[in-house]
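Structural overview
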Amino acid sequence: MKRVMLIAGGSGSIGSAIAREAVAYGWTVAIHGRSEDKVHALVADLSGEASGEAEGFVVDVRSSDAAELLVADVAEQFGRLDAVIDCTATGPAGIVGPFSDTDPDAYGTFLDLSVGWLQRLAHAAWPFLEQDGGTLISFVSDAGVFAAPRQAMIGAARAGAIGFIRNFAMEAARSGVRAHCISPSFVEDSESARRMGSARMEKAARRAGLGLPTARDIAPLAVFLCSDDAARITGQVISVNGGLNC
Ligand SMILES: NC(=O)c1ccc[n+]([C@@H]2O[C@H](COP(=O)([O-])OP(=O)(O)OC[C@H]3O[C@@H](n4cnc5c(N)ncnc54)[C@H](OP(=O)(O)O)[C@@H]3O)[C@@H](O)[C@H]2O)c1
């Protein structure tokens, strides 16, 4: 039976590159997103071009039972779940920028969408992941590891996700389950690069000795970490940033 990978936020820039890579390696991929059109367009694009298969799932992660519903839908459709990759990007307004300009009313929601959502997703997926030694991967960002101006809120949320994954990984290893964080910084041709604007991207590109990655540079790492070849690796936080932060 083919192994099943759920990519939460799979219709986004990085998630869709991972979906393409995973399908090429024979995974059955459950692609999640918020916009039905985006999810279905990606599923249609992937169908028939590779050895695996893809199916779409649309759930808004802002509802408290979203993780349970999503995992239950995927499990009902495919009967198993071997890898969960969280690529959702849910930053509300009032979080990015100089700390004094951020909105305290947005802090709680942002932390819950960043860390609480990941924990609920891991909790819902656990009974499936432990069946056959599955993998959980959380996309974070370098702000959780390397200090930078204008990132105090993002850094706090990402550090929370990293703390969860590393502690979870120690415990989960006893059940054969692995967990990692992948940490991008600036990703060329992504939605957030467009949101960030060309001036900041160009400045970052000048500092990245290897050149800034695209989503296609990140996808193979995610698929490798979910493969049997990575069976003895867990609890790692791996930056893919072209040498911007080391
Ligand atoms: N790209 C970068 O430069 C960069 C840098 C550092 C860290 N990261 C992190 O890497 C991960 C992936 O980034 P990305 O560039 O692929 O992001 P993206 O292109 O913006 O994709 C985000 C995904 O999350 C989904 N999503 C957002 N809000 C949702 C909601 N309320 N309910 C359900 N789904 C929702 C989006 O669906 P819709 O499109 O339908 O809303 C989309 O599938 C994120 O955690 C991001 O913060 C990215």
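Our subject in this report is the structure included herewith.

Conventions used here
- Along each chain, residues carry numbers from 1 onward, in the same order as the chain's sequence is written.
- In keeping with the predicted nature of the model, local features appear solely for residues at pLDDT of at least 70, side-chain atom pairs appear and are counted solely at 80 or more, and the whole-chain, interface and lining totals rest on all residues.
- With hydrogens and water stripped out, all remaining heavy atoms of the structure feed into the side-chain values.
- Salt bridges, as used here, are contacts in which a Lys or Arg side-chain nitrogen is within 4 Å of a carboxyl oxygen on Asp or Glu.
- Between buried and exposed lies partly exposed: a residue is buried under 20% and exposed over 50% of the maximum accessible area for its type, with that area taken using a 1.4 Å probe on protein chains only.
- Any residue with at least one heavy atom within 4 Å of a molecule or strand is counted as near it.
- N or O atoms closer than or at 3.5 Å make up a polar contact, with two conditions inside protein: a donor-capable atom paired with an acceptor-capable one, and, for residues adjacent in sequence, both atoms drawn from side chains.
- Accessibility throughout is a Shrake-Rupley quantity obtained with a 1.4 Å probe, and a residue counts as covered only by protein chains that appear here.
- Elements are defined by DSSP. Helices are runs of H or I of four residues or more, strands are runs of E of two residues or more, and each kind is numbered from the N terminus.
- Each residue is assigned to one class: nonpolar for Ala, Val, Leu, Ile, Met, Phe, Trp, Tyr, Cys and Pro, charged for Asp, Glu, Lys and Arg, and polar for all the others, Gly among them.
- The axes are straight lines fitted to the C-alpha atoms, using for helices just the contacting stretch, and the angles between their N-to-C directions are given from 0 to 180°.
- By definition in this entry, angles of less than 35 degrees are roughly parallel, angles greater than 145 are roughly antiparallel, angles of 65 to 115 are roughly perpendicular, and the rest are oblique.
- Helix crossings get a hand from a simple test, with the near helix turned counterclockwise from the far one by less than a right angle marking a left-handed crossing and a clockwise turn marking a right-handed one.
- Only heavy atoms enter the contact rule, under which two residues are in contact if any of them lie within 4.5 Å.
- Two strands are said to pair when DSSP picks up at least two bridges between them.
- A clockwise path from the first strand over the helix to the second, with the strands pointing away from the viewer, defines a right-handed crossover.

Before going further, it helps to examine the pattern of salt bridges. Across all of its chains, the model carries seven salt bridges by this definition. The salt bridge involving Arg80 is made with Asp82; its shortest N-O contact spans 2.7 Å. Across the pair, Asp82 and Arg80 agree in class, each one buried. The partner of Arg120 in a salt bridge is Asp112, and the shortest N-O contact between them spans 3.1 Å. Here the residues in one salt-bridge network are Arg80, Asp82 and Asp132, joined through shared partners.

A separate point is the site of the ligand. Of all residues adjacent to the ligand, which total 29 residues, the nearest are Ser11, Ser35, Lys38, Arg158 and Ser192. Interatomic distance of 2.8 Å between a backbone N/O atom of Ile14 and an oxygen atom of the ligand. Contact with the protein chains covers 91% of the free accessible surface of the ligand, which is 890 Å². At the level of elements, helix H1 (13-24), strand S2 (28-33) and helix H6 (191-196) are the ones that each hand at least two residues to the shell around the ligand. Ranked by residues supplied to the shell around the ligand, first place goes to H6 with three residues. Here the shell around the ligand is composed, by residue class, of nine nonpolar, 13 polar and seven charged.

Attention now goes to unusual backbone geometry. Located in the positive-phi region is Arg150, a residue other than glycine, with phi close to 70°. Inspection of the secondary structure assignment puts Arg150 in the loop between strand S5 (135-139) and helix H5 (152-172). Positive phi outside glycine occurs at Asp189, with the angle close to 60°. Its place among the elements puts Asp189 in the loop between strand S6 (178-184) and H6.

Attention shifts here to the packing of helix H4 (residues 104-129) against H5. One can describe the packing of H4 onto H5 by two numbers: an axis separation of 9 Å at closest approach and a directional angle of 20°. Taken together, H4 and H5 sit at an angle that is classed as roughly parallel. The hand of the H4/H5 crossing is right-handed. Of H5, the residues touching H4 (which contributes Tyr107, Phe110, Leu111, Ser114, Val115, Leu118, Gln119, Ala122 and Trp126) are Met153, Ile154, Ala157, Gly160, Ala161, Phe164, Ile165, Phe168 and Ala172. Its residues placed into classes, the contact of H4 with H5 shows 15 nonpolar, three polar and no charged.

Before going further, it helps to examine the pairing of S5. With respect to burial, S5 is a largely interior element, five of its five residues being buried. Neither face of S5 is exposed, since Thr135, Ile137 and Phe139 on one face and Leu136 and Ser138 on the opposite face are all buried. In this sheet, S5 lies alongside strand S4 (residues 83-86) in parallel orientation, the contact comprising four bridges. Residue pairing across strands places Asp86 opposite Ser138, the latter belonging to S5. Since S4 and S5 lie parallel, the crossover through H4 that links them has a hand, and here it is right-handed. Sheet topology places S5 next to S6; five bridges connect them, and they run parallel. The residue bridging Phe139 from the neighbouring strand is Ile182, located in S6.

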